[in-house]
Structure formats: C-alpha cells, structure tokens
Amino acid sequence: KNYMQGKRNGAACAAIFAASSGIFIFGFVILWASADPQISQALNWALPVGPLSGKVGVGILAWIIPWFFLHFVWSKRELNFNRVLFCSISLMAIGMILMFPPVFEAFAH
C-alpha cells in the first residue's frame, strides 16, 4: 500500500521554494547595496547594526511573504517536486554566489 496516496506536496514545495527565494533576494540585496551607496544607506534600519539590518530584513520578508502566498495557492495541490527542487537549488546557488565576498566586493562603490 502506498502511504503517500492522497497526500499533497504543495505545502512542502511552498516552504522549500520560499526559503530559496529568500536566499536569492538576500544575496541580490547584498550585491545591490555594495554597488549603490544610496541603497546601502536606505538599508541602514538600525544604526548600531548598519545596512546589514535592512539586508536581513528584506531577506526575511522575501522568505515570509512568498511562503504565505505559495502555501495558500499550492497547499492543496500535487506539484512536480523535482521541478520545484531544481528551481529552488538554482536560486539558492545563485544567492550564495551573490553573498560571496569576492563577488559582491567586485561591485563595491
């Protein structure tokens, strides 16, 4: 008997994809803040922390908002898990590359 029969994977796919989108956006914001002093200044949400506070804040929002939305849309669905996983791993890899100091420092102002 297949124990997964009747189960849906949409909620899991939503959580995985949302986490990877947060990582990607976090990496992108790090690169963008390095390249543009105005963005870096705008991300200075807490003076003792500096622009890192805004970078982390944007990354968290880029994780929570898609998770909420995708969970609502996908939770009752059966999705192609391999496709979601491939896209998620790709987003995570790109995000991690963007966070790598030699990469974002190459764009520093």
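For the structure itself, look to the data block above.
Read on for a plain summary of the structure. Counting starts from 1 at the beginning of each chain's written sequence and moves along it residue by residue. pLDDT decides what is reported in this predicted model: residues at 70 or higher carry local features, side-chain atom pairs at 80 or more are listed and counted, and totals for whole chains, interfaces and linings draw on all residues regardless. To get the side-chain values, take all heavy atoms of the structure and skip hydrogens and water.

1. Digging into the overall build of the chain
So, step 1. Across its full length, the chain carries five helices and zero strands.
So, step 2. Put simply, DSSP H or I for four residues or longer makes a helix, DSSP E for two residues or longer makes a strand, and each gets a number counted from the N terminus. In sequence order, the chain lays out its α and β elements as α-α-α-α-α.
So, step 3. Note that the radius of gyration is over C-alpha atoms, with the globule rule given as 2.2 Å times the number of residues to the power 0.38. Compactness check: the chain gives a C-alpha radius of gyration of 17 Å against a globular reference of 13 Å for 109 residues, more than 25% above the reference.
So, step 4. Dimensions of the chain along its principal axes, counting C-alpha atoms only, are 60 × 25 × 15 Å.
So, step 5. Expressed as a percentage of the 109 residues in the chain, the buried residues total 32%.
So, step 6. Whether two residues touch is decided by their heavy atoms; if any such pair falls within 4.5 Å, the residues are in contact. Residue pairs in contact within the chain that sit at least 24 positions apart in sequence constitute 79% of those at least 6 positions apart.
So, step 7. Of the roughly 7,200 Å² of accessible surface on the chain, a fraction of 72% belongs to carbon and sulfur atoms. Buried means the residue's accessible area, taken with a 1.4 Å probe over protein chains only, is under 20% of the maximum for its type, while exposed means over 50%, and partly exposed covers the values in between. Accessible surface is estimated by sampling points in the Shrake-Rupley manner with a 1.4 Å probe; for residues, cover comes only from the protein chains shown.

2. Structural notes on the packing of aromatic side chains
So, step 1. What counts as a ring pair is set by centres within 6.5 Å for rings of Phe, Tyr and Trp (its six-membered ring), and what kind of pair is set by the plane angle: stacked under 30 degrees, edge-to-face over 60, tilted for all other angles. Under the counting rule described, the total for this entry stands at three aromatic pairs.
So, step 2. Here the aromatic rings of Phe 28 and Trp 32 are separated by 5.8 Å at their centres, their planes lie at 40°, and the arrangement is tilted. Of the two residues, Phe 28 and Trp 32 are both situated in helix α1 (residues 10–35); the distance of four residues between them amounts to about one turn of the helix.
So, step 3. With relative accessibility at 37%, the residue Phe 28 sits in the partly exposed group.

3. Looking at the state of the cysteines
So, step 1. We call a pair of cysteine sulfur atoms a disulfide when they lie within 2.5 Å. Counting across every chain of the model gives zero disulfides.
So, step 2. Distance from the sulfur of Cys 13, which forms no disulfide, to the nearest cysteine sulfur (Cys 87) is 11 Å.
So, step 3. The class for Cys 13 is buried, based on a relative accessible area of 0%.
So, step 4. Taking the relative accessible area as the measure of exposure, Cys 87 reaches 33% and is therefore partly exposed.

4. Some remarks on helix α4 (residues 81–99)
Counting along an α-helix, one turn takes 3.6 residues, and residues three or four places apart therefore face a common direction.
So, step 1. The span expected for a helix works out to 1.5 Å for each residue beyond the first. With 19 residues, α4 should cover 27 Å at 1.5 Å per step; its first-to-last C-alpha distance of 27 Å lies within 8% of that length.
So, step 2. Lining the buried residues of α4 we find α1 and α5 (101–105).
So, step 3. Here a polar contact is taken to be a pair of N or O atoms separated by no more than 3.5 Å, where protein atoms must pair a possible hydrogen donor with a possible acceptor and residues adjacent in sequence count only if both atoms sit in side chains. N-capping of α4 is provided by Asn 80, with a side-chain oxygen placed 3.2 Å from the backbone N of Asn 82.

5. Re the environment of Ser 75
So, step 1. Looking at the element boundaries, Ser 75 is found in the loop between α3 (51–74) and α4.
So, step 2. Here the alpha-carbon distance between Ser 75 and Leu 52, two residues 23 residues apart in the chain, equals 33 Å.

6. Some remarks on the packing of α1 against α3
So, step 1. To obtain each axis, a line is fitted to C-alpha atoms, and for helices this fit is confined to the stretch in contact; angles are then taken between N-to-C directions over 0 to 180 degrees. Where α1 meets α3, the closest approach of the two axes is 7 Å, and the angle between their N-to-C directions is 155°. Classified by the interaxial angle, the pair formed by α1 and α3 is roughly antiparallel. Judged by the sense of rotation from one axis to the other, the crossing of α1 with α3 is right-handed.
So, step 2. Residues are grouped as follows: Ala, Val, Leu, Ile, Met, Phe, Trp, Tyr, Cys and Pro are nonpolar; Asp, Glu, Lys and Arg are charged; all remaining types, including Gly, are polar. Of the residues contributing to the contact of α1 with α3, the split by class is 20 nonpolar, five polar and one charged. Between 65 and 115 degrees an angle is taken as roughly perpendicular, under 35 as roughly parallel, over 145 as roughly antiparallel, and anywhere else as oblique. The crossing is said to be left-handed when, going from far helix to near helix, the turn is anticlockwise and less than a right angle, and right-handed when the turn is clockwise.

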